[in-house]
Structure formats: C-alpha cells, structure tokens
Amino acid sequence: MPEISEDDGVTRISLTLDQDRYDVIVGEAILANLPTHLAEVGGFRKRAVLVTDSNVGPLYADAVTKPLRAAGYEIFEITVPAGEASKSMEVATDVCRQMLRAGFDRKSFLIALGGGVVGDLAGFVAAIFQRGIPFVQMPTTVVAQVDSSVGGKTGVNTPEGKNLLGAFHQPRLVLADVATLQSLPDREYNEGFAEVIKHAAIRDASLLSLLERVGTRRENLVPLIARNVAIKAAIVEEDERETTGVRALLNFGHTVGHGIENAAGYGRMLHGEAISLGLVAAVRLSVAYSHLNQKIADRLIAVLKQFELPTSLPSDLSRHDIVEAMARDKKFEEGAVRFVLLKSLGDAFVSADVPITAVEDAVLTLYGP
Ligand code: NAD
Ligand code: GLY
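First, a word on what this report is: a plain description of the structure on this page.

Quick notes on the rules
- Residues numbered from 1 in each chain as written.
- Chains lettered and ligands numbered in written order.
- Predicted model: local features only at pLDDT ≥ 70, side-chain atom pairs only at ≥ 80, totals over all residues.
- Heavy atoms only, no water.
- Near = heavy atom within 4 Å.
- Areas by Shrake-Rupley, 256 points an atom, 1.4 Å probe, with all protein chains shown as cover.
- Nonpolar A, V, L, I, M, F, W, Y, C, P; charged D, E, K, R; others polar.
- Pairing = 2+ DSSP bridges.
- Helix = DSSP H or I, 4+ residues; strand = E, 2+ residues; numbered from the N terminus.
- Axes fitted to C-alpha atoms, helices over the stretch in contact; angles between N-to-C directions.
- Phe/Tyr/Trp six-rings, centres within 6.5 Å; stacked < 30°, edge-to-face > 60°.
- Buried < 20%, exposed > 50% of the residue type's maximum accessible area, 1.4 Å probe, protein only.
- Lys NZ or Arg CZ within 6 Å of the ring centre and 35° of its normal.
- Polar contact = N/O pair within 3.5 Å; in protein donor to acceptor, adjacent residues only side chain to side chain.
- Patch = residues over 30% accessible without salt bridge, like charges linked within 9 Å, V, L, I, M, F, W, Y side chains within 5 Å.
- Salt bridge = Lys/Arg side-chain N within 4 Å of Asp/Glu carboxyl O.
- Right-handed = clockwise from strand over helix to strand, strands pointing away.
- Parallel < 35°, antiparallel > 145°, perpendicular 65-115°, else oblique.
- Left-handed = near helix turned anticlockwise from the far one by under 90°.
- Contact = heavy atoms within 4.5 Å.

This part covers the site of ligand 2. Residues in close proximity to ligand 2 include Asp-147, Lys-153, Lys-232, Glu-242, Arg-247 and Leu-250, which together make up its full environment. Look at ligand 2: alone it shows 200 Å² of surface, and the protein chains cover 87% of it. In the shell around ligand 2, the residues fall into 1 nonpolar, no polar and 5 charged.

Given below as structure tokens:
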C-alpha cells in the first residue's frame, strides 16, 4: 500500500514500485513549490523542457517557470494545441525534434503541465527521447490528477484506436495543484468525475456517498483528489505492468468507452464523457452477468447524471463504428473479451464470460432517452 502523510494542508502519497519510487504531492496553490520538490528528489540537471497546451500554458506556465528560472533552471517551453488530437505520433515527433534542435540530451528532464493529453504525450516523449529521460507530472485536470499522472502509462493514439502506441515510463514526481481545477470549464471539470465514479465503483463504496453529498461543488478538493490518488496508487503498486488482472480493474467502463471515443472521432466527446457511457454499459452488464444489485446500478447511473455526464448516446453515432473500434482495442484478445464487471459496490473483477455479442447489445441499450 502507498504511504500517505499530511503536512500543512498538503497530502503526500508515496508509491513504491519494482524499480521506481516517487511521491504524488496534492495541495492547494503549490505550483511555485516545484524547485523545492525537485531539490528534495534530487538528481535533476538544471535544464528542462516544459510541455503544456494552448489553454493551460497562458494560465499556469509562468507560475511554474518563474520560480524555476529564479532557482537557476534553464527552461525551454513547448506548447501543443489543446485537445485529444495532440496525442499523436506526429505531435510527439515534433516535440522530440524541437528538443533535439534546442540541444536537449539524455541529461535533461521534462515537465508535463496540463491535462491527461499533455501528460500522456509528454510522458511518451520522455520515454522515447534518447531512450528515456526523467519527467515530472504537473496535472491540471481532474482526470490527470486522479488517474493519468499516476502509474506511468504514457502514449499516443492512432486512427486505429486509443493509446495503441505507448510505453510504461514512471514520473519522478507528481505535483497536483488543486487550485488549477478552479479554472476548468464546467464540462471539463465534470468529465473527470467519470474516473472518480469508476474508482468508487471498483474500490471505494463510501466514496460514492461522498460524491452524492458534495456533487459538483469545487470545495475541499485536496482530500478528494488525494483519496483517488491513493486508490490508483495502490492498484499500480499491486500490478504495475497490468499482468495480474488487478490494474485491469481500472479499465472498468473503458472497453465500450474507448470504442465510443474512437468512433466519435477525437474532439467531439471528452474522454470522461465517453467513459461515462462505457460505465453505463458496464454497470448494465454487471447486473446481467455478475448479479450486481439493480439499486446500486441505478445509484451509479444517477451519480453520473449528477455530474452532468452523458448516459445515452447521440443517435447519429453509429453502433457499427463503435463495435468496430472496440474490436481493435487492446482489451479484445484474439476475439475474446476480458470485461471488468462489478459484483457489488467497491468489488470488481475481470470476467472472461461476457460474450462479445452481449457487449455489442449493451451498446445498443445506450441509444434512447
Ligand atoms: P485534456 O488534457 O484534453 O484536458 C481537457 C481540456 O481542459 C483541454 O482543453 C485542456 O486544455 C483544458 N485544461 C486542462 N487543464 C486546465 C485548467 N486547469 N484550466 C482550464 N483548462 C484546462 O483531457 P483530460 O480529460 O485531462 O485527459 C484525457 C486524456 O487522458 C485522454 O487522452 C485519456 O486517454 C488520457 N488518460 C490517460 C490515463 C493514463 O493512465 N495514462 C488515464 C486516464 C486518462
Ligand atoms: N488508466 C488506466 C491505468 O492506468 O491502468
């Protein structure tokens, strides 16, 4: 289990993996503390590239780079266009080439400042640049703080599907400043709760009651984010490379969700919105195949609605395209599907007993009111 400590309003979650050990620091208004934390971790050279996107850069890049420069770091900034389309091999190559032209080498390090798109893209660049350089995650969305910045999955999409090219590359440090979540538009804030609701569903029944009480109020976020980081960190510690089936539990809702995200075309639907629909399908399949209590299923779907997440599919999104996209997904192995189901709230497992036709039928149930 990860070690968790609290000091002066800041929560530190320490992960211990086979070859890596790093802290996720969750606090309020802590972007400027990066130089202190880099010194604490040690081993960083004074030359870094900061990768951010066109929305986050203007809001927060200065708050990160000014104290770094004051502490003697030379920082080269790269801004990619905001949005899922930037999670591509083309953009990754462009970032690498900018770094090469600017004279970066294996001794430099990278800082990812932004949501899951920037974190996955920049983490992937850090994994492949000169066979791997250290990197720091500074997540600025709910998705990135509770999920994508922790655990070392990095990668890009291809037209064939989500995250099909990538690498495991753990960050050296994650600094999650919850104050940045205040500038998220409502839609982007709410989408992150698809992953939070997923955490409640698979591991933490009492988190669901908390979400029902707190709703979309952006208050007291440090304990909420830290609690989710702890869930994710514990799962990653148990099964870093997704080989034992434990980390696969985090894919709850993602088989159908990724299919929808891919079929919709990147940009139309936010990641969490597609995952919300995937969660609805997975909850319904759990009622049918693992006897999940219908009242729990209804509660989970009601919480998705509370966060204004979609629970039904737009009629112009073709079921055929969704099914085709699912078939290309990593989670379909040789035509069989390993589908994550819930037995009860907080208790998930990977099942080999859900027929692909049942998953396809579950997609059908998503059309309608
Ligand atoms: P995102 O990075 O596209 O961010 C959503 C939007 O919010 C973007 O327009 C961004 O510019 C903007 N934004 C970010 N921070 C902001 C802030 N503080 N204030 C105002 N605007 C801000 O999307 P996301 O939902 O953070 O991440 C989704 C991506 O994460 C997907 O590609 C998904 O596959 C990936 N993901 C990866 C993992 C993993 O384990 N690696 C886990 C979950 C999701
Ligand atoms: N987001 C799924 C994982 O990290 O395994």
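From this point, things continue past the structure.
Here we take up the sheet that holds strand 7 (residues 135-139). Taken together, the 8 strands give an open sheet; going across it, the order is 1-2-3-10-7-6-4-5, and neighbouring strands pair in mixed fashion. The open sheet is flanked by strand 1 (3-7) and strand 5 (74-80), the only strands paired with a single partner. Pairs of neighbouring strands in the sheet enclose a mean axial angle of 15 degrees, with direction left out of account. Pairing analysis gives 5 bridges linking strand 6 (residues 109-114) to strand 7, with the strands arranged parallel. When the bridges of strand 7 are listed, Ala-112 appears paired with Gln-137.

Attention now goes to the packing of aromatic side chains. Scanning the entire structure with this criterion turns up 5 aromatic pairs. A centroid spacing of 5.8 Å and a plane angle of 50 degrees characterise the contact between Phe-76 and Phe-104, whose relative ring orientation is tilted. Highlighted residues: Phe-76 in strand 5 and Phe-104 in the loop between helix 3 (89-101) and strand 6, separated in sequence by 28 residues. Given a relative accessible area of 29%, Phe-76 falls into the partly exposed group. Ring pairing ties together the aromatic residues Phe-44, Tyr-73 and Phe-109, which thus form one cluster. Lying over the aromatic face of Phe-104, Arg-47 brings its terminal NZ or CZ to 4.3 Å of the ring centre. The ring of Tyr-189 is capped by Arg-218, whose NZ or CZ atom sits 4.2 Å from the centre of that ring.

To continue, consider the site of ligand 1. Surveying the vicinity of ligand 1 reveals 28 residues, the closest of which are Asp-53, Thr-141, Lys-162, Ser-183 and Glu-191. Contacts to ligand 1 include Asp-53, whose side-chain N or O atom sits 2.7 Å from an oxygen atom. The side chain of Lys-87 places a nitrogen or oxygen atom 2.9 Å from an oxygen atom of ligand 1. Taken by itself ligand 1 offers 860 Å² of open surface, and the protein chains cover 92% of this. Put simply, the parts of the chain that give the shell around ligand 1 at least two residues each are helix 2 (56-70), helix 4 (116-128), helix 5 (142-148), strand 9 (161-168) and helix 6 (186-191). Class assignment for the residues of the shell around ligand 1 results in 7 nonpolar, 10 polar and 11 charged.

Moving on, we come to a nonpolar patch on the surface. Together, Met-89, Ile-128 and Leu-165 give the surface a local cluster of nonpolar side chains, amounting to about 220 Å² of exposed area. Along the chain, Met-89 falls in helix 3.

Another aspect to go through is the pairing of strand 6. Where burial is concerned, most of strand 6 is hidden: 6 out of the 6 residues are buried. As judged from the 5 bridges shared by strand 4 (residues 47-53) and strand 6, these two strands associate in the parallel manner. Note on strand 6: the bridge partner recorded for Thr-52 is Leu-113. In this fold, strand 6 hands off to helix 4, which returns the chain to strand 7; that crossover is right-handed.

What follows concerns the packing of helix 11 (residues 271-290) against helix 14 (residues 356-365). Relative to each other, helix 11 and helix 14 sit at 125 degrees, their axes nearing to 9 Å. Classified by the interaxial angle, the pair formed by helix 11 and helix 14 is oblique. In the packing of helix 11 onto helix 14, the handedness of the crossing is right-handed. Contacts between helix 11 and helix 14 pair Ala-281, Arg-284, Leu-285 and Tyr-289 from the former with Ala-358, Val-359, Ala-362 and Thr-365 from the latter.

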